[in-house]
Structures are given as C-alpha cells and as structure tokens.
Amino acid sequence: MKLIFLGPPGAGKGTLAARAVDILKQQGSLSPHISTGAIFRGAIAAQSPLGLKVKAIIDAGKLVDDETTIALVKERLSQEDVQNGYILDGFPRTIPQAEALAEFQAVDKVVNFDIPDSTVLERLGGRRVCRKCGHNFHIVFDKPKKEGVCDHCGGEVYTRDDDKAEAIQKRLEVYRRQTAPLIQYYRGKGLLIDVDASPAVEQVVDNFKKALEL
Ligand code: AP5
C-alpha cells in the first residue's frame, strides 16, 4: 500500500508509522517507512554535503527547499524495496511537492492526523529521540527504562534541536501556512482519510486500522 502521512509536527506520524509497517506486513504488504526528516537528520549526523546544507534550516524550524526535497524523494522512491508500497512521512509538505509527486507516483491514501495544537505542543515539548536508531520516546507518555538510554539499541536519547521552543512555534506556523493546504488538495482528489490522532498510541493505532479497514 502506498500511503502518505500528513499532519502537524509532533502529531505522532513517526510513532504510528513504526507500528503501521508491522500491521501492513501482517497483511502481506511490505511498506517501508520513509521519513524525509529522518533522512535529513541522518545526513546531518554524517556531515554529508546535504547535511551541511540543511542543518541550519531544520534547526530553525523552516522547510528545506522543494527542489532538494523532491529530488531526494524521487531517488528514494525509485529503489527496489518500495515498488509495492511505502509510508511517506513528512512528504509532501507543500503544494509544489505534491504536484511533483503526482508526476511520478500514484498513492493509494493520504492519512490526515487530526489533532489540536495543545496536544502537539505537549508531545513535542516532551519528545526524546534515540540518536542511533531514531526511536521516539516521551518524558511522560513513553519514557526509556533507563534515562538517556534507548531501550531498543542502547543508543543515546537526546532532544532534537528543532524541539526547542522557538523552533516548535516556527514549525507550527510553517505547517499552517505551507502544509495544511494539502488537506483540501488531497480531499479534493478523494484520497484523504482523517484519523483522530489525539488519544493514546494504542487507540490511534486502532483508529488507523479502522480508517483503512485493516
Ligand atoms: P520531520 O522529522 O518530518 O518533523 P515533523 O513533521 O515536524 O514531525 P515530527 O517528527 O516532529 O513529529 P511526528 O508527527 O513524527 O511525531 P512523533 O511520532 O515523533 O521533519 C523535520 C524537519 O525536516 C522539518 O521541520 C523540515 O525542516 C525538514 N523537512 C522534512 N520533510 C520536509 C519536506 N517534505 N520539505 C521540506 N522540509 C522538510 O511524536 C511526537 C512525540 O509524541 C514523541 O515523543 C512520541 O513519543 C509522542 N507520541 C506520539 N504519539 C503519541 C500518542 N498517541 N500519545 C502520546 N504521545 C504520543
């Protein structure tokens, strides 16, 4: 299944994607999780030319330019492992990105994470991430067993630079201005499915399964 996860920063897209990959696998659909944010963070950690180019932009909560992001996704979606399905998390984020995607891919559904700002702020403010495997934790809802250490791989658990207060505000503002118009764009194409993303993770997983009739 070819899915887009669309929603504000901190809505829980990455958390649900990790679960959805397993759910879809049980249904016989191999759908790797492709997060443009994670690809950029990997490039920053590796200090590659892409990482050096995007670090300041991401830390400030702004969007990387469309040309760079579209080229990156086009290349990733040409690879063998995603020919039968994928979960695209964090792309597209602008109308030009959506139009470019439509030129080289037909997606099955767009999952819209429906969530109030207050919940988003609570989730982003408490998020911690494993530097090694990228697993998301939360200081209230999903704490690592040992503080600062990932339960899954033993990596260091840290606060993302773009989870600082000013960057969070900027990301929400950018979301409203540049990304939220995609809701109407995909609704108009009959592809949008709304999922209530505000309850606890297990309930969101259930909402997702019901919405997609899985
Ligand atoms: P990206 O990594 O995509 O960031 P984002 O969209 O801002 O999304 P987040 O990763 O912040 O949140 P999420 O929805 O995945 O929530 P999560 O599951 O972590 O992008 C980062 C940056 O890269 C962008 O700002 C931009 O600069 C650049 N970029 C990326 N794509 C781009 C593009 N297409 N174009 C241009 N630039 C691009 O959950 C959040 C927290 O809540 C966690 O702590 C989690 O444990 C907790 N949580 C999750 N679900 C629940 C729940 N149901 N109940 C309680 N807690 C929960």
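Residues numbered from 1 in each chain as written. Predicted model: local features only at pLDDT ≥ 70, side-chain atom pairs only at ≥ 80, totals over all residues. Heavy atoms only, no water.

**Details of a nonpolar patch on the surface**
- Together, I139, V140 and F141 give the surface a local cluster of nonpolar side chains, amounting to about 310 Å² of exposed area.
- Checked against the element boundaries, I139 lands in the loop between β6 (136–138) and β7 (157–158). (Patch = residues over 30% accessible without salt bridge, like charges linked within 9 Å, V, L, I, M, F, W, Y side chains within 5 Å. Areas by Shrake-Rupley, 256 points an atom, 1.4 Å probe, with all protein chains shown as cover. Salt bridge = Lys/Arg side-chain N within 4 Å of Asp/Glu carboxyl O. Helix = DSSP H or I, 4+ residues; strand = E, 2+ residues; numbered from the N terminus.)

**Re the nonpolar core**
- Residues L3, F5, L16, I87, V111, F113 and F208 are the most contacted members of the largest nonpolar core, which totals 23 residues.
- Within the residue set of this core, elements represented by two or more residues are β1 (2–6), α1 (13–26), β4 (109–114), α6 (117–125), α7 (165–179), β8 (192–196) and α9 (201–211).
- Considering every element that reaches this core, the biggest residue donor is α1, with five residues.
- Ignoring any residue separated from it by four or fewer positions in sequence, one finds L16 in contact with F5, F113, V204, V205 and F208.
- One finds I34, I70, V107 and L192 within the second-largest nonpolar core, a separate group that totals 22 residues. (Core = buried A, V, L, I, M, F, W, Y, C linked by side-chain atoms within 4.5 Å. Buried < 20%, exposed > 50% of the residue type's maximum accessible area, 1.4 Å probe, protein only. Contact = heavy atoms within 4.5 Å.)

**A closer look at the side chain of S31**
- Relative to the assigned elements, S31 resides in the loop between α1 and β2 (33–35).
- Taking the relative accessible area as the measure of exposure, S31 reaches 3% and is therefore buried.
- In this structure the side chain of S31 is engaged in a polar contact, spanning 3.4 Å, whose partner is the backbone oxygen of M1.
- A distance of 2.9 Å separates a polar atom in the side chain of S31 from a polar atom in the side chain of S29. (Polar contact = N/O pair within 3.5 Å; in protein donor to acceptor, adjacent residues only side chain to side chain.)

**Here's the deal with the packing of aromatic side chains**
- Applying the stated rule across the entire model yields three aromatic pairs.
- Aromatic rings pair up to connect F5, F113 and F208 into one cluster.
- One Lys or Arg, R131, reaches over the ring of Y158 and ends 4.0 Å from the middle of that ring.
- Residue placement shows K189 over the ring face of Y185; its charged tip is 4.8 Å from the ring centre. (Phe/Tyr/Trp six-rings, centres within 6.5 Å; stacked < 30°, edge-to-face > 60°. Lys NZ or Arg CZ within 6 Å of the ring centre and 35° of its normal.)

**Considering the sheet that holds β2**
- Reading across from one edge, β2-β3-β1-β4-β8 is the order of the five strands in this open sheet, with parallel pairing throughout. Whereas interior strands pair on both sides, the edge strands pair on one side only; in this sheet they are β2 and β8. Strand-to-strand, the axes of this sheet are offset by a mean angle of 25°, without reference to chain direction.
- Where β1 meets β4, four bridges bridge the pair, whose relative direction is parallel. By the bridge assignment, F5 is partnered in β4 with V111. (Pairing = 2+ DSSP bridges. Axes fitted to C-alpha atoms, helices over the stretch in contact; angles between N-to-C directions.)

**Regarding unusual backbone geometry**
- With omega at -5°, the peptide bond leading from F91 into P92 counts as cis.
- Its location among the elements puts P92 in the loop between β3 (86–89) and α5 (95–104).
- The backbone phi angle of Q47 is positive, close to 55°, even though this residue is not glycine.
- With respect to the element layout, Q47 can be found in the loop between α2 (36–45) and α3 (49–59).
- A positive phi angle, near 55°, is found at E213, a position not held by glycine.
- With respect to the helices and strands, E213 occurs in the segment after α9.

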